[in-house]
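Spelled out from the first residue to the last, the chains are:
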There are 4 protein chains.
Amino acid sequence: MSDQKKYSSIHYTSYLQLEKILDAQSPRSKELGKEAHEETLFIIVHQVYELWFKQVLHEMESVMKLFQTNNVDEKNIDIAVSRLERVNEIVKLMIQQVRVIETMTPLDFLDFRSYLFPASGFQSFQFRKLEVMLGLKKEKRTSYTAYPYYHEFSQEQQDEILRLEASPSLFVLLESWLERTPFIDIQGFDFKSKYMQAVSNMLNRERQAIETSDYLTDQEKAMRLKMNGDTDTYFANIFNAAFHEQQIAEGKMRLSFKATMAALLIQLYGTEPLLQLPYRLLNVITEMDELLTSWRYRHSQMVMRMLGRKTGTGGSSGHSYLMETVIKHQIFIDFHNISTLLIPRSELPPLPPEMKRTLGYYFNHS
Amino acid sequence: MSDQKKYSSIHYTSYLQLEKILDAQSPRSKELGKEAHEETLFIIVHQVYELWFKQVLHEMESVMKLFQTNNVDEKNIDIAVSRLERVNEIVKLMIQQVRVIETMTPLDFLDFRSYLFPASGFQSFQFRKLEVMLGLKKEKRTSYTAYPYYHEFSQEQQDEILRLEASPSLFVLLESWLERTPFIDIQGFDFKSKYMQAVSNMLNRERQAIETSDYLTDQEKAMRLKMNGDTDTYFANIFNAAFHEQQIAEGKMRLSFKATMAALLIQLYGTEPLLQLPYRLLNVITEMDELLTSWRYRHSQMVMRMLGRKTGTGGSSGHSYLMETVIKHQIFIDFHNISTLLIPRSELPPLPPEMKRTLGYYFNHS
Amino acid sequence: MSDQKKYSSIHYTSYLQLEKILDAQSPRSKELGKEAHEETLFIIVHQVYELWFKQVLHEMESVMKLFQTNNVDEKNIDIAVSRLERVNEIVKLMIQQVRVIETMTPLDFLDFRSYLFPASGFQSFQFRKLEVMLGLKKEKRTSYTAYPYYHEFSQEQQDEILRLEASPSLFVLLESWLERTPFIDIQGFDFKSKYMQAVSNMLNRERQAIETSDYLTDQEKAMRLKMNGDTDTYFANIFNAAFHEQQIAEGKMRLSFKATMAALLIQLYGTEPLLQLPYRLLNVITEMDELLTSWRYRHSQMVMRMLGRKTGTGGSSGHSYLMETVIKHQIFIDFHNISTLLIPRSELPPLPPEMKRTLGYYFNHS
Amino acid sequence: MSDQKKYSSIHYTSYLQLEKILDAQSPRSKELGKEAHEETLFIIVHQVYELWFKQVLHEMESVMKLFQTNNVDEKNIDIAVSRLERVNEIVKLMIQQVRVIETMTPLDFLDFRSYLFPASGFQSFQFRKLEVMLGLKKEKRTSYTAYPYYHEFSQEQQDEILRLEASPSLFVLLESWLERTPFIDIQGFDFKSKYMQAVSNMLNRERQAIETSDYLTDQEKAMRLKMNGDTDTYFANIFNAAFHEQQIAEGKMRLSFKATMAALLIQLYGTEPLLQLPYRLLNVITEMDELLTSWRYRHSQMVMRMLGRKTGTGGSSGHSYLMETVIKHQIFIDFHNISTLLIPRSELPPLPPEMKRTLGYYFNHS
């Protein structure tokens, strides 16, 4: 490539292909003879969402590529974190964008809604693709027809969805990356038993505090002691690999025992220089999950405002469907749940120096 | 009062009583010998929330006072709208404030959490008071003990709560205000039957569109026709006062039939000059309800991040409790549901001039 | 148009013309052989801005149309307010969007920046058009070449710009609308002299307060008395039509004397039922002006972060140019300045009933 | 300390000292006989600001302590970054909070404004303290009286201000930390000359592109070539230590030559694992500077809205004063300007391995 070409001139309008972008709004109401003023807003808001989806997919694909190897370079974790932070800023914007659509009143919307039938957000290929890439499992999807969720896409799009369903998702890639952490096999540091001991100490102390509290009534004490006992049982279970596998088999959990232990270790010792990047990675992922959930939530509120309990153009029960996906389509819930397993820093068993080295070695691409 | 006194000098520090405000942070961890850096943040964040609650109560009390009369002055509706808009800006800030507390990691929090036992957000008198004033009913509250929710307050505070429970809430005041709208009795305009006719026309047209669509499979058509029929039944029920009363008796609804009809009329004809203020009022109320719900939701996400499924300091199951209140403690849900009853503007029966005058008379009560 | 056509089917993808929208990103760096990952973000961010500009222009055109008459219907003021509120929500989003572009580091940007030469935001036809429609005057524009600001647009676009420059802008339309307020000619209420008297009373009281303050040193008193005197002079000038005209001639002001007086009256008596809509209109306009200014400001901060004091691709001095436009391109500054003229509600001369009626007559023009 | 005491009970109300916090709002207007409804808002908004200032100072003090040593531990940089990120979230909230105060109309404000005389935000001790800690120099302050800015504080507060003025500010601490970077003395890598060569290559290429562009007119070419030449001169100067010192002497710059070179190196090679934390630190600082500037800007817009060009209660020219501080009180401007010195990643001279080691050694607390 010649430098001459590199420095050839370019105009803002052609660079951004504005002739396409700005010529892509054809309100159906106008076409049908009576323009509804707000239909343009409706179109543009959704086009902007699709542009952001494209950007999010661009980042997501690049991040997944960085993890499609057994040797993830530390420098690449840094890149992954930056790109996922960008995704999070975009999702924050998408959440705020709901306010813009809400400047349209329900009656404004009803002025053109019947013309959209049966177009629906269900038909957003990019959003479905994103869900699959993140790791949403087919069987977790809320369905309202006998057809698979992708039956309205083009053949090419359906093939891509099926290919992605068959490939490792971001969830799976992160799980494998976590499982490769070698800490369980380290000589001289039995993290699991040391941590269980620390938990036990802590719960004992809490139990005593409850029993001797001057503030609680007997009834409250009984209730709280029961809770303390439940937590004890909970922790005992959690460190039991067999129990964990059973939970997975029953669909109550998804992240493998080994990966869960690694994620716990990273959360606990995340300020250690060599764990800082893994720590930031886990956090940016859970924040992304939280933000996407918030977006679904705000979106479902907006649909409620526009339609109440009316059926959506796509035939779903609208608001109810969306509220259901708020919870069910959350993918990294097991990462959030790690917090249940945390104990105060002051109770943490110290990491032995060998372990730090090994971890460092690992994350520095052995 | 003399002008001299009016213009006596005042200093920023004493005016804001900063000696009190800025001397009210005593981290327990510091007192107990080992300061946890983040405890100051935890204290200040909650103090800021309480200051906002105070402001919200200030607005709420003034708004409720404006409605404690059978003759609500139009000028006062304008004032009420402005003040509730202010409340909404404050709640938006409260939602964003969750991000600030989230800069604290779960381990940072665990460093001092055990010292807070059994202090808990449940003990926020101002927030409980706000809930009662908005109209949260005792029996709707999620409870985790045998005690009433206010048993930890001072006697004076308990008395205030009981007094407020016995007084008309904002919900009740708005309901009465809506019920006083005289439109049902107007000669020459039977809103109910005209509206039912319009709905029926619209649904018939939709039914035809489904039946003749070239896009839908037979199975989808069947499903959608069933939905269309359901909507038909739904509307028939909704305009049936007896059915409505039964729904209320079963706890599925709360807003009276008469008030529901008035709210529907206002939503439908809200651009009429004399209905603009009532329309803005209903909207600012439902937005407030939505924002408070969003705040609960974000708050519950934050607790999940900090504690996972751990038990809260107040003894509740923390995250689960909070998620439950997100839905159950929403108060103006019947106002949101009005949207279900709306039809496109083009299908609306025109308002007769007499009606406009009567409505005007009511809201102006000149 | 047949109902059959109305209810023909439509798919999300074709309705939103996604084949165009999502096929309009061709990074120059990729084309030239070495894709810079962040160029896609750069393209999409700007495309989103252009989509929002399109929406803002859609609202702006509709609002201007409502004011291109001597008889502005009250219902239309309500519509104008809603649409401008929408514009404001969009501009808030545009401001937050700056954060998204800021997730790109300066080095990321420099990876493809040289390929963009000489494309530049100056070449955004839609933004230029918006500025003209709002009322930015040619002579107020900061220019960095001898060419008119529109010389890089297509002939058709240049014609449209020239046509718009020759037509009344939103500023001019609002000014005329304000000037048509008949209050100055009302018998029995000389607003100007009554208001001047009220101002004079207020300033006298302030003067006394300063003189008798026990808090201020003599030097401070002298300074403040001078300021009080300046304010006195200021008000005297402000109510002097000849002085006002001179200020306009010198380019220090723009809004006519008559319109200024009307805007002042609306600000002062904005809670009167019949002035509520005009009041909301003036406020939504000044908020829009403020938000657009904030957006320019954030945009200029972002350019600073990306380029420091480097020259922009369009050849401007980048950051400095943008900072200059933050102030200079603000259009409704005279509306903000009305606040200088306000006095406390308790000092206001009461509106006579005739005046209320006349104002009502005007705005209702029944 | 006994565990018993540690687990003694505590109540939400007493823990947060709500009896103080919620009893600190005494509207002057109420005291003087006629309560202005909005004065409570005014008080609470400012109290919230002061609570946030307290939190920001808490973080700032802890961060400065981490840098008051010649050996900054890498782990401490991580802590500093997290705490400054928290400050940034708080400042974002403070910016959004301006919207809340703006729900008060100018007339609402004027209802009680005269009673506040001469209280003023100038009298916020915490904010002045923060400015000094960040590094605002006395001589950079905009003053409107002959008195030092702290003359209205208590003696104790004045002493603290003077002590802080005499101690190293955050600016100075960062400058020293940067100056200790040993890279200039490294054998075998003359960063300065290698970088100057890279810059020169880049500018030559740009010059050629301009000369051969088919898009630009001769006039534009001339202008751009002049700009390219200016940039050349600019870079030549920038790498000239003597010139740099002269700029500092003239008050045009502040950051020392050595520190500037270190900051440039960090910006350029910030993705190197061992430079990631320093890179994040510089970025969080410049973002903080930008956010504080944005807050001043929004604050000054709000004052404009409330008062127009009226004199502030503190006697300043209000809006003008505040707008002036937006620019003048920005402290880390030299850090922003580093962007001017950046060139594309592809043009960067590669870092020699020895250098990486040395840098690593340094930042890992030698």
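Please read these numbers as outputs of a predicted model, since none were measured by experiment.

## Structural notes on the overall build of chain A
Part 1: Broken down by element type, chain A carries 18 helices and zero strands.
Part 2: For chain A, buried positions account for 61% of its 366 residues.
Part 3: Contacts spanning at least 24 positions in sequence make up 77% of the contacts within chain A whose residues lie at least 6 apart.
Part 4: If you sum the accessible surface of chain A, you get close to 13800 Å²; carbon and sulfur atoms cover 52% of it.

## Thoughts on the interface of chain C and chain A
How big an interface is tends to be reported as the loss of accessible area on association of its parts.
Part 1: On the side of chain A, 69 residues touch chain C, which itself brings 70 residues to the contact.
Part 2: For the pair chain C and chain A, the summed buried surface comes to about 6900 Å²; carbon and sulfur atoms form 62% of the total.
Part 3: Applying the counting rule to chain C against chain A returns four salt bridges.
Part 4: With a closest N to O distance of 3.0 Å, R86 of chain C and E38 of chain A form a salt bridge.

## Regarding the relation of the copies chain C and chain A
Part 1: Of the transformation placing chain C onto chain A, the axial shift is 0.0 Å and the rotation is 180°, giving an RMSD of 0.1 Å. This pairing of chains is accounted for by a two-fold axis.
Part 2: A high fraction, 99%, of the interface residues of chain C reappear at the interface in chain A, so the copies pair face to face through one surface.

## Focus on the side chain of D289 of chain B
Residues and elements named next belong to chain B.
Part 1: As for its position among the elements, D289 is in helix α15 (residues 276-307).
Part 2: The side chain of D289 is buried and forms no salt bridge, while R296, the nearest opposite charge, is found at 7.7 Å.
Part 3: Here the side chain of D289 touches F332 through a polar contact of 3.0 Å, landing on its backbone nitrogen.
Part 4: Setting aside chain neighbours within four positions, we find D289 in contact with Q330, I331, F332, I333 and H336.

## What about the packing of helix α10 (residues 170-179) of chain B against helix α14 (residues 257-268) of chain B?
Residue and element names in this part refer to chain B.
Part 1: Interaxial distance between α10 and α14 falls to 8 Å at its minimum, and their mutual angle equals 75°. The pairing of α10 with α14 is recorded here as roughly perpendicular in orientation. Within the contact between the two elements, α10 uses E175, L178 and E179 and α14 uses K258, A259, A262, A263 and I266.
Part 2: Residue composition of the contact of α10 with α14, grouped by class: five nonpolar, no polar and three charged.

## Overview of helix α11 (residues 191-212) of chain A
All names here are of chain A.
Part 1: Between the first and last C-alpha of α11 there are 32 Å, a value that for 22 residues agrees with the 32 Å anticipated at 1.5 Å per step.
Part 2: Taken together, the buried positions of α11 are F191, Y195, A198, V199, M202, L203, A209 and I210. Burial along α11 is one-sided: seen end-on, the buried residues are contained in an arc of 130°.
Part 3: Looking at the buried positions of α11, the neighbouring elements they touch are α12 (218-238) and α14 (257-268).

## Section: the nonpolar core
Generally speaking, nonpolar side chains in soluble globular proteins are found buried as a group.
Part 1: Membership of the largest hydrophobic core comes to 458 residues, with the highest contact counts inside it found for L281 of chain A, L281 of chain B, L281 of chain C together with L281 of chain D.
Part 2: Beyond its immediate sequence surroundings of up to four residues, L281 of chain D is in contact with F67, I77, A80, V81, L84, L174 and W177 of chain D.

## Topic: empty space enclosed by the protein
Part 1: Inspection of the entire model under this criterion finds 19 cavities of 30 Å³ or more.
Part 2: Of the pockets and cavities examined, the largest cavity occupies roughly 1300 Å³.
Part 3: Looking at the largest cavity, it is lined by 48 residues, and the ones nearest its centre are K92 and Q96 of chain A, Q96 of chain B, Q96 of chain C together with Q96 of chain D.
Part 4: Those elements that place two or more of their residues in the lining of the largest cavity are α6 (74-101) and α15 (276-307) of chain A, α6 (74-101) and α15 of chain B, α6 (74-101) and α15 (276-307) of chain C together with α6 (74-101) and α15 (276-307) of chain D.

## Structural notes on helix α5 (residues 39-67) of chain C
Part 1: Taking 1.5 Å of rise per residue, 29 residues should cover 42 Å, and α5 of chain C covers 42 Å from first to last C-alpha, within 8% of that figure.
Part 2: The buried fraction of α5 of chain C amounts to 26 of the 29 residues, a majority that puts the element mostly inside the structure.

## Quick look at the confidence of the model for chain A
All names here are of chain A.
Part 1: Counting all residues, the mean pLDDT for chain A is 85, and 87% of those residues have values of 70 or more.
Part 2: Mean pLDDT across the secondary structure elements of chain A bottoms out at helix α18 (residues 353-363), with 53, and peaks at helix α5 (residues 39-67), with 98.
Part 3: Every residue in residues 360-366 is under pLDDT 50, and counting partners more than four places away or in other chains gives 22 contacts.
Part 4: In the predicted complex, the global pTM is 0.91; the interface-specific ipTM is 0.91.

## Side note on unusual backbone geometry
Residues and elements named next belong to chain A.
Part 1: Positioned with a positive phi, Q17 is a non-glycine residue whose angle comes to about 50°.
Part 2: Positionally, Q17 belongs in the loop between α2 (12-15) and α3 (18-21).
Part 3: Residue Q17 is classed as buried on the basis of its relative accessible area of 11%.

Calculation criteria
- Residues numbered from 1 in each chain as written.
- Chains lettered and ligands numbered in written order.
- Predicted model: local features only at pLDDT ≥ 70, side-chain atom pairs only at ≥ 80, totals over all residues.
- Heavy atoms only, no water.
- Helix = DSSP H or I, 4+ residues; strand = E, 2+ residues; numbered from the N terminus.
- Buried < 20%, exposed > 50% of the residue type's maximum accessible area, 1.4 Å probe, protein only.
- Contact = heavy atoms within 4.5 Å.
- Areas by Shrake-Rupley, 256 points an atom, 1.4 Å probe, with all protein chains shown as cover.
- Buried area = accessible area lost by both parts, 1.4 Å probe.
- Salt bridge = Lys/Arg side-chain N within 4 Å of Asp/Glu carboxyl O.
- Least-squares fit on C-alpha atoms with pLDDT ≥ 70 in both.
- Lys, Arg positive; Asp, Glu negative; His and termini not counted.
- Polar contact = N/O pair within 3.5 Å; in protein donor to acceptor, adjacent residues only side chain to side chain.
- Axes fitted to C-alpha atoms, helices over the stretch in contact; angles between N-to-C directions.
- Parallel < 35°, antiparallel > 145°, perpendicular 65-115°, else oblique.
- Nonpolar A, V, L, I, M, F, W, Y, C, P; charged D, E, K, R; others polar.
- Expected span 1.5 Å × (residues − 1).
- Arc of directions from axis to C-beta.
- Core = buried A, V, L, I, M, F, W, Y, C linked by side-chain atoms within 4.5 Å.
- 1 Å grid on protein atoms, 1.4 Å probe; cavity = no way out; pocket = protein on both sides within 12 Å on 5 of 7 lines; lining within 4 Å.
- Points joined across faces, edges and corners; volume = space filled by probe spheres on them.
- pLDDT = per-residue confidence, 0-100.

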